[in-house]
Amino acid sequence: MKPKELAERIGVSVKTLQKWDRQGKLPAKRTVTNRRYYTEADYLKAIGKPTANRQNVIYARVSTAAQKDDLRDQVKFLRQYVNAKGIIVDQVITDVGSGLNYKRKKWNQLLDEVMQSKVNQIYIAYPDRFTRFGFDWFQQFCAKFGTEIVVVNNEQLSPEAEVVQDLISIIHVFSSRVYGLRKYQKKVSDDDDVNHLQN
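Residues numbered from 1 in each chain as written. Predicted model: local features only at pLDDT ≥ 70, side-chain atom pairs only at ≥ 80, totals over all residues. Heavy atoms only, no water.

Details of the pattern of salt bridges
Inference 1: In the structure shown here, the tally under the stated rule is 7 salt bridges.
Inference 2: In this structure, Asp21 and Arg36 form a salt bridge, with 2.8 Å as the shortest nitrogen-oxygen distance. On the criterion of sequence distance, the pair formed by Asp21 in helix H2 (residues 14-23) and Arg36 in strand S2 (residues 36-37) is long-range, its members being 15 residues apart.
Inference 3: You can call Asp21 buried: its relative accessible area is 14%.
Inference 4: A salt bridge links Asp128 to Arg129; its shortest N-O distance comes to 3.0 Å. The burial state of Asp128 is the same as that of Arg129; both residues are buried. (Salt bridge = Lys/Arg side-chain N within 4 Å of Asp/Glu carboxyl O. Helix = DSSP H or I, 4+ residues; strand = E, 2+ residues; numbered from the N terminus. Buried < 20%, exposed > 50% of the residue type's maximum accessible area, 1.4 Å probe, protein only.)

Considering the confidence of the model for the protein
Inference 1: For the protein, the average pLDDT comes to 82, and 76% of its residues sit at 70 or higher.
Inference 2: The weakest mean pLDDT in the protein belongs to helix H9 (residues 192-198) at 48; the strongest belongs to strand S4 (residues 91-96) at 96. (pLDDT = per-residue confidence, 0-100.)

Structural notes on the sheet that holds strand S3 (residues 55-62)
Inference 1: Pairing is parallel across the open sheet formed by 4 strands, whose spatial order is S4-S3-S5-S6. Two strands lie at the open edges of the sheet, namely S4 and strand S6 (148-151), each paired on one side alone. Adjacent strand axes in the sheet meet at a mean angle of 25 degrees, parallel and antiparallel pairs treated alike.
Inference 2: When strand S5 (residues 119-124) meets S6, the two strands line up parallel, connected through 4 bridges. Among the inter-strand pairings, Gln121 is bridged to a residue of S6, identified as Glu148.
Inference 3: Along the sheet, helix H4 (residues 68-84) contacts S3, S4, S5 and S6; its crossing angle with S3, the most-contacted strand, is approximately 155 degrees.
Inference 4: On the sheet, helix H7 (residues 135-143) packs against S5 and S6 and is oriented at approximately 135 degrees with respect to S6. (Pairing = 2+ DSSP bridges. Axes fitted to C-alpha atoms, helices over the stretch in contact; angles between N-to-C directions. Contact = heavy atoms within 4.5 Å.)

Here is the structure:
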């Protein structure tokens with residue numbers, strides 16, 4: 001949420017939030033364009049509602065079982081990152097499946113926990129490890145439940161081969177739809193009843 005929105009919710013001025021940010025009392029998050037923003041977890045912290053019982057989760061994903069080494073490297077890198085920050089990890093989730101697949105069982109279980117306000121932060125190596133498309137939407141969705149997705153931004157842990165495979169999958173889906181549409185149009189044009197109505 002924007003600083004103005006948080007300021008209104010907790011009854012302080014934007015200048016007060018800026019002061020708290022500088023003092024480290026309530027640090028603001030920053031967008032890539034360096035604009036301040038806050039999450040629901042920041043709101044809970046500001047009003048003194050405890051979030052200690054909420055979990056910090058590492059989420060790592062690869063597309064195929066053959067990428068086990070990549071999966072291990074993701075988890076290792078993320079563990080090193082959170083350890084360096086002094087953060088305790090409560091759960092490590094590893095997933096095997098395409099970033100285009102929204103039916104990943106473990107990923108959906110994680111989203112269920114987010115909606116139950118059980119998750120504080122989710123650590124991922126790169127946005128496409130969480131989902132190939134629509135990451136910003138999922139980030140905002142999680143924020144509504146007080147969950148922050150922390151992107152460590154290690155592109156090396158985002159295999160290029162997966163991008164190629166996902167693009168092939170997208171082309172296949174759309175070409176199938178075009179073929180299905182043509183097949184439907186031919187069926188309609190061959191239908192005597194439809195032709196009779198048109199004439």
